[in-house]
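Each chain, letter by letter, is given below.
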Amino acid sequence: NVIDDASGATVPVSVVKAIDVKPGWKTGTRITFKQLGHERHDGGPPADMVFVLDVQPHARFERLESGGGSDLATHFTLTLRQALCGCRVTLKDIYGDEFKVDLVHTDGRAVQPGERRRFAGRGLPDQKTGQRGDLVVRFDVELPRRPLSKEQRAKIKEALADVS
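These figures come from a predicted structure and were not determined experimentally.

> Describe in detail the overall build of the protein, supporting the description with residues and values.
In terms of helices and strands, the protein carries two helices and 10 strands. Along the protein, from the amino end to the carboxyl end, the secondary structure elements read β-β-β-β-β-β-α-β-β-β-β-α. Computed over its C-alpha atoms, the radius of gyration of the protein comes to 27 Å, more than 25% above the 15 Å expected for a compact globule of 164 residues. Each of the three principal axes of the protein carries a C-alpha extent, and together these read 95 × 35 × 25 Å. When the 164 residues of the protein are sorted by exposure, 23% land in the buried category. Considering only contacts within the protein whose residues lie at least 6 apart along the sequence, 46% involve residues at least 24 apart. Counting every atom, the protein has about 11,900 Å² of accessible surface; 52% of that belongs to carbon and sulfur.

Structure below.
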């Protein structure tokens, strides 16, 4: 609002400002436009126009407190075969960039349900340094949905007889 010099009345005025929201900005980040707010009746400088950012949840990624809020978490579902035998999967970061990951333990262990792996530099950029945080991926393991035959169950029992 501005003050009409002739009448002294407050008159609404529209001002359009573009805000270039940077990747990695957090909820509570303040963007200030100096002296673009309401004019004052006492003749002092106009107030500042202040916007406060409110980040909405993402469908696939969650911001973690680690890494100053630049680390992200997501999950990826493996089949039982992939978890037991190891595999190579293609993951995507929040920018849609793909990267391949070999999920094979050198000692032959299976990928455990809920196991987490951290991938450096695949998160959000830090507001101050610009350096990207990490992406933490939790691996879920999906069991077969269709019934197994007696023969299949027997083969699995035999293959896993000495495994705990």
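Additional details are given in the paragraphs that follow.
> Could you give an account of the packing of aromatic side chains, with specific residues and numbers?
Inspection of every chain in the model, using the stated rule, returns three aromatic pairs. Between the aromatic rings of Phe 33 and Phe 51, the centroid separation amounts to 6.1 Å while the plane-to-plane angle is 85°, which identifies the pairing as edge-to-face. Of this pair, Phe 33 sits in strand S3 (residues 30–33) while Phe 51 sits in strand S4 (residues 49–52), and the two are 18 residues apart along the sequence. The partly exposed category is assigned to Phe 51, whose relative accessible area is 35%. Each ring, one from Phe 76 and one from Phe 139, has its centre 6.3 Å from the other, and the planes form 70°; the classification is edge-to-face. Of this pair, Phe 76 sits in strand S6 (residues 72–79) while Phe 139 sits in strand S10 (residues 135–142); the two residues are 63 residues apart in sequence, bridging distant segments of the chain. By relative accessible area, which is 0% here, Phe 139 ends up buried.

What counts and what doesn't
- Residues numbered from 1 in each chain as written.
- Predicted model: local features only at pLDDT ≥ 70, side-chain atom pairs only at ≥ 80, totals over all residues.
- Heavy atoms only, no water.
- Helix = DSSP H or I, 4+ residues; strand = E, 2+ residues; numbered from the N terminus.
- Rg over C-alpha atoms; globule rule 2.2 N^0.38 Å.
- Buried < 20%, exposed > 50% of the residue type's maximum accessible area, 1.4 Å probe, protein only.
- Contact = heavy atoms within 4.5 Å.
- Areas by Shrake-Rupley, 256 points an atom, 1.4 Å probe, with all protein chains shown as cover.
- Phe/Tyr/Trp six-rings, centres within 6.5 Å; stacked < 30°, edge-to-face > 60°.

Remember, this is a structural readout, not a statement about activity or role.
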